[in-house]
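Residue strings, one per chain:
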Amino acid sequence: MSATASADERTHYRICPLCEACCGLEVRTRGTQVLGIRGAENDVFSAGYICPKAVALKDLHEDPDRLRTPLIRRGARFLPATWDEAFAEIAERLPPLLQAHGRDAAAVAVGNPSAHKMGLLLYFGRLARALGTKNVFSASTLDQMPKQLSDGWMFGHWLSTAVPDIARSHYLLVIGANPMASNGSMWTVPDFRAKARALRERGGRLVVIDPRRSETAAVADAHHFIRPGADVFLLAAMVHTLFAEGLVRKGRLTPYLNGIDEVRQAVQPFAPERVAARCGIGAATIRGLARELAAAPSGAVYGRIGTCTQHYGTLCSWLVDVLNALSGRLDEPGGAMFPKAAAFAQNTQGEAGRGRGITTGRHASRVSAAPEVYGELPMTCLAEEIETPGPGRVRALITVAANPVLSAPGGPRLARALDQLEFMVSLDIYLNETTRHADVILPGQSPLEHSHYDVAFPQLSWRNHARFSEAVFAPTPDHPPEWQQLLRLAAIAKGLGAHADVLALDDEAVAGEVRKIAGAHAPLVMQALAGLQGPERLLELALRSGPYGDGFGLKPGGLTLARLRAAPGGIDLGELAPRVPEMLRTPSGKIELAPPPLLADLPRALADLDAPAPALVVIGRRDVRSNNSWMHNLPTLAKGPFRGTALVHPQDAARHGVADGALAVLSSAHGSVEVTLALSDSLMPGVISLPHGWGHDLPGAQLGVAARHPGANLNALLDDAARDPLSGNAVLSGVAVTIAPA
Ligand SMILES: Nc1nc2c(c(=O)[nH]1)N[C@H]1C(S)=C(S)[C@@H](COP(=O)(O)OP(=O)(O)OC[C@H]3O[C@@H](n4cnc5c(=O)[nH]c(N)nc54)[C@H](O)[C@@H]3O)O[C@H]1N2
Ligand SMILES: Nc1nc2c(c(=O)[nH]1)N[C@H]1C(S)=C(S)[C@@H](COP(=O)(O)OP(=O)(O)OC[C@H]3O[C@@H](n4cnc5c(=O)[nH]c(N)nc54)[C@H](O)[C@@H]3O)O[C@H]1N2
Ligand code: SF4
Ligand SMILES: [Mo]
């Protein structure tokens, strides 16, 4: 909704699409110009908070390197093409490959920005299903798949994630997350700083476990270094302590907790004394952490990417929630609670309190036999699936908002593999490190050119709410929105050619969906949806049939898209409320504290407990002015000091003869990169920190600003064969390296 300021000056409200905090922005425009961007004070969820990236949306919108027309490769060059030419090229080249080699000959790789575009998130599945391939890859297996898997096993659905109810909490243990820089992840929590301050002001305590004294550690009451990758031992020892000291408190969840005795037995070998050396944390401290969690008036344990992107990612993710449950913190105010989203949440649909649970391993990757998880195979299997001859070899790839050449371990190997493909399409906004390998690039729209609703993040939010953003600018004429591009690709994959009536196909699909949801009332519902199309129609359906919806008239006053449209600052749906048992979708109708695959995986960790520590390991880092691999081309963010430096502890620097500000070579068993050093005692000795997403010096990319400060690709050092075997998630942390002067 827009209010008029002067004749052609307008104010728009837009959810920021750049990170998981989903802040509400106020965007002032004149004509087609962005005049300014600031935090929307009227936003019910973020109340005016923003970070420096929001302002860079203007740069993104105006970036001359951002693609506006499709590109087709002709020899070594990309030539601008019309949309018709681009889709004709795809229709000519993709279907024959599928016919000759089978459906698995095509792969799709979808990346992080798709979580921030409702058109991509709601329509990507159509493309994957139309392709009919098992080779579906996403950034999830570089990130949070371990959490989704443990959520699925414990609570019955992949997106039933408990988040800290920070607004009422008195204790927060943050493990492997740096929300002061990342602004939160798997936990949508704009302005973490203020919320953490409020927690402390009410007498609460913030404790951080991290191999680096991070920005979050700096605002905490206590920080403990941990040896990278040792979290599973810390967490198991904390659970051990709860049992050993009689601190287990089942409370209201007593009738819903399955498997307590199995957990007690399973953690038996992990006494604090046994794990202390491996963690680098004293046994008394470990006990103290368990005790203060148990003793606080309310509290939660929150583990994030540092606990996921390691060999025991799923075990860690599980143990975090075992701790929450056994300390009486799960589903309690001020503890770890389940948001109730207004739309699209599986844990608000179907029968309440019980469900089919989840299944994994319905198929496996061809080369490494990695099991399917949540319909996907590990991103780190993509290169080998392209390289390895034989039936089922990947010969064609479609990337959607993904840059795995920089964002996935083994990037250089993947780049070589991409050159072996017979055909590659990228739906992206840049000609970058990955898309330079494509045969056809289809540009996405600017985020200011389409409407938006966050499909996933309200399921992870610190407070229940619903917000809708209108498009700030009218879309460029003839530029199909990304959902229509996905539908057209899907139609081509199904053999319907480049000119199928994709809107009619979408009508059919929606009608089918409505018949499933509404049965005999389907005609009425379809009537109510008339006039809408694409993601907005799906949103209207989801909102009105959702837990706060108007039930298409059955519950007057309930949510509709029209009501959201009339509330530019969003609609507050209240603080988090207890949801067990209603949100459970496990077959037992209980919380499964001891899923058998997890118990079976613990001995793997135990066997590793006494493994010798490498002298030097590398971990990642995030900076508030950067985001993964694709915002380094925005001048507002690129200015100022270079943020891709490797941080090294002064002791390690002295030992290896490297100096502050110098160039050094960082090497692993898998590669080496040249980095600029900065000495920092914020690190645990023996740990080097290098951010990912850099390495913009590859030929053929068109990123003028980023190329001036390319940085080094951390993922060139990481091993694409290193995975958590349960979730398939990549190991991104704690990898052994050496360092030497350049
Ligand atoms: N070593 C190491 N590696 C990591 C991580 C780490 O911590 N350490 N983090 C991992 C994590 S958590 C993640 S999520 C992944 C992210 O990795 P990816 O999912 O590959 O995401 P990005 O690297 O951000 O690349 C995003 C791509 O989307 C394009 N894009 C941006 N906006 C749009 C749009 O609106 N439409 C379209 N069609 N395309 C768009 C960009 O041009 C870019 O090509 O990286 C992972 N890689
Ligand atoms: N500014 C900015 N914001 C972002 C992103 C970005 O690139 N830049 N990326 C977005 C994405 S895609 C995601 S997934 C989220 C991630 O959000 P977070 O999970 O908060 O990720 P990080 O900021 O990388 O914080 C991870 C922390 O884990 C620590 N760590 C590393 N290894 C270990 C370990 O073995 N054990 C423990 N306990 N800690 C460890 C690191 O030192 C780091 O401080 O951030 C999102 N927000
Ligand atoms: S924290 Fe920054 S990048 Fe993230 S949503 Fe808010 S304004 Fe956007
Ligand atoms: Mo991520």
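Residues numbered from 1 in each chain as written. Chains lettered and ligands numbered in written order. Predicted model: local features only at pLDDT ≥ 70, side-chain atom pairs only at ≥ 80, totals over all residues. Heavy atoms only, no water.

(A) Representation of the domain arrangement of the protein chain. According to the domain assignment, the protein chain consists of domain 1 (1-55), domain 2 (71-143 + 382-444), domain 3 (145-351 + 580-606) and domain 4 (614-741). Every contact between the two is made by 24 residues of domain 2 and, on the other side, 27 residues of domain 4. Contact with domain 4 buries area across many residues of domain 2, yet Leu406, Pro409 and Tyr430 alone supply 32% of it, more than any other trio. Where domain 2 meets domain 4, there are one salt bridge. Of the charged contacts, one joins Asp720 and Arg413 as a salt bridge, the two residues approaching to 3.1 Å between their closest N and O atoms. Our enumeration of links across domain 2 and domain 4 arrives at 12 residue pairs in polar contact (both at pLDDT 80 or more). Counting residues per element, the ones that place at least two in the side of domain 2 that touches domain 4 are helix H15 (382-387), helix H16 (404-407) and helix H17 (411-418). Among the residues forming the side of domain 2 that touches domain 4, the class breakdown is 11 nonpolar, eight polar and five charged. (Domains from an automatic or database assignment. Contact = heavy atoms within 4.5 Å. Buried area = accessible area lost by both parts, 1.4 Å probe. Salt bridge = Lys/Arg side-chain N within 4 Å of Asp/Glu carboxyl O. Polar contact = N/O pair within 3.5 Å; in protein donor to acceptor, adjacent residues only side chain to side chain. Helix = DSSP H or I, 4+ residues; strand = E, 2+ residues; numbered from the N terminus. Nonpolar A, V, L, I, M, F, W, Y, C, P; charged D, E, K, R; others polar.)

(B) Geometry of the site of ligand 1. Taken together, 28 residues lie near ligand 1, and Asn112, Ser407, Asp428, Asn432 and Ser629 sit nearest. Backbone polar atom of Leu427 to a nitrogen atom of ligand 1: 3.1 Å apart, as the coordinates give it. Note that an oxygen atom of ligand 1 is positioned 3.4 Å from one of the side-chain N or O atoms of Trp630. The protein chains hide 97% of the 910 Å² of surface that ligand 1 would expose on its own. Those elements that provide at least two residues to the shell around ligand 1 are H16 and strand E17 (423-428). When grouped by side-chain class, the residues that make up the shell around ligand 1 number 14 nonpolar, nine polar and five charged. Lining the shell around ligand 1 are residues from two domains, each supplying at least three of them: domain 2 (71-143 + 382-444) and domain 4 (614-741). (Near = heavy atom within 4 Å. Areas by Shrake-Rupley, 256 points an atom, 1.4 Å probe, with all protein chains shown as cover.)

(C) Quick peek at the sheet that holds strand E10 (residues 171-175). Taken together, four strands build an open sheet; the order of strands is E12-E11-E10-E14 and the sheet is parallel. Of all the strands in the sheet, the pair left with one neighbour each is strand E12 (222-224) and strand E14 (300-303). On average, each strand axis in the sheet is inclined to that of its neighbour by 15°, with strand direction left out of account. (Pairing = 2+ DSSP bridges. Axes fitted to C-alpha atoms, helices over the stretch in contact; angles between N-to-C directions.)

(D) Summary view of the pairing of strand E5 (residues 71-74). As judged from the four bridges shared by E5 and strand E6 (residues 77-80), these two strands associate in the antiparallel manner. What sits directly across from Arg73, in E6, is Phe78. From the end of E5 to the start of E6, which pair antiparallel, there are two residues, and Gly75 there has a positive phi angle of about 70°. Of the pairings in the sheet, the one linking E5 to strand E18 (residues 440-443) comprises two bridges and is antiparallel in character. Following the sheet pairing, Ile72 is matched in E18 by Val440.

(E) Up close: helix H7 (residues 192-201). Taken as a whole, H7 has its buried residues at Phe192, Lys195, Ala196 and Leu199. Angular distribution of buried residues about the axis of H7 spans 100°; they occupy a single face of the element. Buried-residue contacts for H7 involve E10, helix H6 (179-182), strand E11 (205-209) and helix H8 (215-218). Looking at the residues trailing H7, positive phi occurs at Gly203, about 95°. (Buried < 20%, exposed > 50% of the residue type's maximum accessible area, 1.4 Å probe, protein only. Arc of directions from axis to C-beta.)

(F) Main features of the pattern of salt bridges. One pass over the full model with this rule turns up 44 salt bridges. Close ionic contact of Glu422 with Arg395 constitutes a salt bridge, the shortest N to O distance being 2.8 Å. You can see Glu422 sitting in the loop between H17 and E17 and its partner Arg395 sitting in the loop between H15 and strand E16 (396-400), a full 27 residues away along the chain. Judged by its relative accessible area of 38%, Glu422 is partly exposed. Residues joined by salt bridges that share partners form a network here, namely Arg74, Glu89, Arg93 and Asp439.

(G) Expanded view of the environment of Ala518. Tracing the backbone shows Ala518 in helix H19 (residues 502-518). For Ala518, a relative accessible area of 15% corresponds to the buried category. Along the primary structure Ala518 and His465 are separated by 53 residues, whereas in three dimensions their C-alpha atoms are 25 Å apart.

(H) Highlighting the packing of aromatic side chains. Under the defined criterion, the tally for this structure stands at 11 aromatic pairs. By way of ring pairs, the aromatic residues Trp187, Phe192 and Tyr302 are connected into one cluster. The lysine or arginine in question, Lys195, covers the ring of Trp462, its NZ or CZ lying 4.4 Å from the ring centre. (Phe/Tyr/Trp six-rings, centres within 6.5 Å; stacked < 30°, edge-to-face > 60°. Lys NZ or Arg CZ within 6 Å of the ring centre and 35° of its normal.)

(I) Expanded view of the site of ligand 2. Of all residues adjacent to ligand 2, which total 31 residues, the nearest are Ser182, Asp210, Asp231, Asp623 and Ser733. With respect to ligand 2, the side chain of Lys53 contributes an N or O atom lying 3.3 Å from a nitrogen atom. Ser182 is positioned such that a nitrogen or oxygen atom in its side chain is 2.7 Å from an oxygen atom of ligand 2. For ligand 2, the protein covers 97% of the area, taking 910 Å² as the surface of the free molecule. Looking at the shell around ligand 2, the elements with two or more residues in it are H6 and helix H13 (305-308).

(J) Focus on the nonpolar core. Counting residues in hydrophobic clusters, the biggest one holds 94 residues, and the most contacted among them are Leu172, Val263 and Leu593. Among the elements that take part in this core, helix H9 (residues 231-244) stands out by supplying 10 residues, more than any other. Inspection of this core shows a minimum of three residues originating in each of domain 1 (1-55) and domain 3 (145-351 + 580-606). Not counting the four nearest positions on each side in its chain, Leu172 is found in contact with Pro164, Ile166, Trp187, Phe192, Leu199, Arg205, Leu206, Val207, Ala300 and Tyr302. With 64 residues, the next largest nonpolar core counts Ala401, Val525, Leu529 and Leu532 among its residues. (Core = buried A, V, L, I, M, F, W, Y, C linked by side-chain atoms within 4.5 Å.)

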